[in-house]
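Letter by letter, the chains look like this.
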Number of protein chains: 2
Amino acid sequence: MEQRFSRWKQQSLNKLDQSKKGNLDRHIQHVVSLINSCQEYFTTSSCSGRIILIDGDSLCSDVQKQNCVWLFVSHEKCTSDDLMSGLAGSSGDAVLKFEPFVLHVQCRRLEDAQLHSVAVNSGFRNSGITVGKTGKTIAAVRSTHCLEVPLSHQGKLLVEREYVDFLTQIANQKMEENLRRIQRFYENLQSALSAEKLQKLQIPDPPGSHELHDPPHMLETENEDRKESDVYKRRRKREQHQTNCCHGDVDNSITELDDCLDLFL
Amino acid sequence: MEQRFSRWKQQSLNKLDQSKKGNLDRHIQHVVSLINSCQEYFTTSSCSGRIILIDGDSLCSDVQKQNCVWLFVSHEKCTSDDLMSGLAGSSGDAVLKFEPFVLHVQCRRLEDAQLHSVAVNSGFRNSGITVGKTGKTIAAVRSTHCLEVPLSHQGKLLVEREYVDFLTQIANQKMEENLRRIQRFYENLQSALSAEKLQKLQIPDPPGSHELHDPPHMLETENEDRKESDVYKRRRKREQHQTNCCHGDVDNSITELDDCLDLFL
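For clarity, every value in this text was computed on a predicted model and none was experimentally measured. By convention here, each chain's residues receive numbers from 1 onward along its written sequence. Each chain takes a letter, starting from A, and each ligand takes a number, starting from 1, following the order in which they are written. This being a predicted model, a pLDDT of at least 70 is required before a residue's local features are given, and a value of 80 or more before pairs of side-chain atoms are given or counted; all residues contribute to the totals for chains, interfaces and linings. Only heavy atoms go into the side-chain values, all of them from the structure, while hydrogens and water stay out.

Undergrad: Report on the packing of helix α3 (residues 80-88) of chain B against helix α5 (residues 161-193) of chain B, specifying residues and quantitative values.
TA: All names here are of chain B. Angles here are taken between N-to-C directions and fall from 0 to 180 degrees, while the axes themselves are lines fitted to C-alpha atoms, restricted in helices to the stretch in contact. Each helix is a run of DSSP H or I of at least 4 residues and each strand a run of E of at least 2, with the numbering of both proceeding from the N terminus. Closest axis-to-axis distance for the α3/α5 pair is 9 Å, and the angle between their directions is 125°. When the axes of α3 and α5 are compared, the pair comes out oblique. Crossing angle aside, the handedness with which α3 passes α5 is right-handed. Residues S80, D81, L83, M84 and L87 of α3 form the contact with α5, whose own contacting residues are R161, V164, D165 and T168. Within the contact of α3 with α5, the residues separate by chemical class into four nonpolar, two polar and three charged. Angle categories are assigned with fixed cut-offs, so that under 35 degrees is roughly parallel, over 145 is roughly antiparallel, 65 to 115 is roughly perpendicular, and the rest are oblique. By convention, the crossing between two helices is left-handed when the near helix turns anticlockwise from the far helix through less than a right angle, and right-handed when the turn is clockwise. Contacts are assigned to residue pairs with any non-hydrogen atoms lying within 4.5 Å of each other. Lys, Arg, Asp and Glu make up the charged group, whereas Ala, Val, Leu, Ile, Met, Phe, Trp, Tyr, Cys and Pro make up the nonpolar group; the residues left over, Gly among them, are polar.

Structure (structure tokens):
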């Protein structure tokens, strides 16, 4: 098992070197390097986040993505001129998207996959684990921090320039927040991987039953000023709030159950 | 451990009865009932999917959701009039969102959490597992099938009525696709849970390193006509494609590694 993981890692990193030279998103090189320097992990796919304009068939749905053309893509902030230029090339239904940082990390053992809790605590609240037959355990870093705005139909732009200016600001703000979260994740990861602290990480309980189907308040407990050490502190039990928030990047009330996470201690 | 899980389940289902009577989304009652009828599981939170208009502070970011007001919410399709009425109430930055089906299921054992593979195979491709210190294992059903469209700024509508009409169509299409996926999930789940077939489920490999940072083709292998029995068939090894698709609801090329998933056999 151990030899097999090491072999998988070597094969994967060889491919990484061949295909990505000069291509690895500069915003996450440090994260990828840190993870790959640990014997328990190797990254299998990553994207630092991107602003994209894709052009699809009329009524292009998610299942028809192979028919899409990319009008614009950036892993940095963009300008309104960038988007207008891209939209000028639309002949179908163009959609502006912001997609946040995504990372998949293959883990030596299931215990190592608690890496996903570092991601959750860093703001990537849809992070989790998948496990495969051959013992392939993947920690996925994910969030729902996004934008998806249809902008043209059958090649005809549906909005004014001023609206595209506004969208550009929004997309750039999301990119800035995304980059802050990546940095937070990197710092939390450094701290977690040092001194073998990984097993003591805390993670909020997943959403409980009380928070659904009731009115408007959505909890957000992500603390922008969180210090690295906070990763290890037990979260205060929060008051129960009536929320409707099993969606997206929100933390949820803690039930009466234990609220900290140590994997298989 | 077994008694503790049963106790957690009883407590959770009691709360469900008290808080949700009449409120459980009608589109997923059958899914929730099926899952809760199994001794290995209980649902902790769910939402069938929704179209919402939320109004936030200027430059409202994801971390400021507690300042948002809900102008409109529907678990069904909506009309353009619904959205225009909601937008008339905006005094800040209104955003139209489509959020797909979300489900969290607490599992008796880690092996039971392969439920998430049924979700992945049904189109909810961001599904996964989180594991807690106290042995609390949650299978989360998630996808990125969404819409997020800023529509007003400081109370001023930024788009024309015709654009809102178009967005209404798009949101409704996403709701229809979402409901189809829920039905697919329910049927796959019925099949998987019967005859203890759950352990033989197949899941595509998570994204590999080859599929990043290269051109426009995004694979979509979700087959709308997939039969329940396909859940159990080993996926054909696919050709490697150069894609840039560790994001969202796309399947990815299979590496040379085994592509089927049986958890801890």
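Undergrad: Outline the confidence of the model for chain A, supporting the account with residue identities and numerical values.
TA: Residue and element names in this part refer to chain A. Residue-level pLDDT values for chain A average 75, and 66% of them are 70 or greater. Note on residues 207-245: pLDDT is under 50 here. Beyond four places in sequence and across chains, it has 115 contacts. Under a pLDDT of 50 for its full length, residues 248-265 has, in the predicted model, 84 contacts with residues more than four places off or in other chains. For this predicted complex, the interface confidence score (ipTM) comes to 0.74, while the overall pTM stands at 0.75. Confidence of the predictor in every single residue is expressed as pLDDT, which spans 0 to 100.

Undergrad: Break down the side chain of B:T168 for me, citing the residues and quoting the values.
TA: Inspection of the secondary structure puts B:T168 in helix α5. Note on exposure labels: buried denotes an accessible area under 20% of the residue type's maximum, exposed denotes more than 50%, and partly exposed covers the range between, all computed with a 1.4 Å probe on protein chains only. Exposure remark for B:T168: the relative accessible area of 5% places this residue in the buried category.

Undergrad: Which residues make up the pairing of strand β6 (residues 128-131) of chain A, and what values do they have?
TA: Residues and elements named next belong to chain A. Burial along β6 is two-sided: the face carrying G128 and T130 and the face carrying I129 and V131 are both buried. Pairing of β6 with strand β7 (residues 137-141) involves four bridges; the strand directions are antiparallel. Its bridge partner being in β7, G128 is matched across the sheet by A140. Should DSSP find at least two bridges between two strands, the strands are taken to pair.

Undergrad: Tell me what's going on with the pairing of strand β5 (residues 102-107) of chain B, and back it up with residues and numbers.
TA: All names here are of chain B. β5 sits mainly inside the fold: six of its six residues count as buried. A two-sided burial pattern is seen for β5, the buried positions comprising V102, H104 and Q106 on one face and L103, V105 and C107 on the other. Summarising the sheet, β5 and strand β7 (residues 137-141) pair through five bridges and their orientation is antiparallel. Bridging across to β7, C107 finds its partner in T137.

Undergrad: Outline a negative patch on the surface, listing residues and values.
TA: Patches here are clusters of residues that have more than 30% relative accessible area and form no salt bridge, with a 9 Å joining cutoff for like charges and a 5 Å cutoff for nonpolar side chains (Val, Leu, Ile, Met, Phe, Trp, Tyr). All accessible-area figures derive from a Shrake-Rupley calculation using a 1.4 Å probe, and residue coverage is judged against the displayed protein chains alone. Here, a salt bridge means any side-chain nitrogen of Lys or Arg that lies within 4 Å of a carboxyl oxygen of Asp or Glu. Only four residue types enter the charge count, namely Lys and Arg as positive and Asp and Glu as negative; His and the chain termini do not. For charged residues, the charge sits on one atom: NZ in Lys, CZ in Arg, CG in Asp, CD in Glu. A contiguous patch of negative charge, built from A:E160, A:E162, B:E160 and B:E162, is present on the exposed surface. Counting through the fold element by element, B:E160 comes out in the loop between β10 (156-157) and α5. Judged by relative accessible area, B:E160 falls into the partly exposed class, the value being 48%.

Undergrad: Could you give an account of the environment of B:R109, with specific residues and numbers?
TA: Residue and element names in this part refer to chain B. Examined against the element boundaries, R109 turns out to sit in the loop between β5 and α4 (115-121). A residue is classified by how much of its surface remains accessible, and R109, at 36% relative accessible area, is partly exposed. In sequence terms R109 and I54 are 55 residues apart; their C-alpha atoms lie 38 Å from each other.

Undergrad: How would you sum up the packing of aromatic side chains? Please name residues and give values.
TA: Side-chain rings of Phe, Tyr and Trp (the six-membered ring for Trp) are treated as a pair once their centres are within 6.5 Å; stacked means planes under 30 degrees apart, edge-to-face means over 60, and tilted covers the remaining angles. This structure, assessed with the given rule, holds nine aromatic pairs over all chains. Both rings, one in A:F124 and one in A:F185, keep their centres 6.2 Å apart while their planes meet at 80°; by these two values the pair is edge-to-face. Residue A:F124 is found in the loop between α4 (115-121) and β6, and its partner A:F185 is found in helix α5 (residues 161-193); the two are separated by 61 residues along the sequence. Ring geometry for A:Y163 against B:Y163: centres 6.0 Å apart, planes inclined by 65°, an arrangement best described as edge-to-face. Here B:Y163 lies in helix α5 and A:Y163 lies in helix α5, a pairing that spans two chains. With respect to class, A:Y163 is no different from B:Y163; both count as buried. Aromatic rings pair up to connect A:F101, A:F124 and A:F185 into one cluster.

Undergrad: Let's hear about the environment of A:L158: which residues, and what values?
TA: Inspection of the secondary structure assignment puts A:L158 in the loop between β10 (156-157) and α5. In sequence terms A:L158 and A:A94 are 64 residues apart; their C-alpha atoms lie 10.0 Å from each other. Ignoring sequence-local partners within four residues, the contact set of A:L158 consists of A:L151, A:S152, A:H153, B:Y163 and B:F166.

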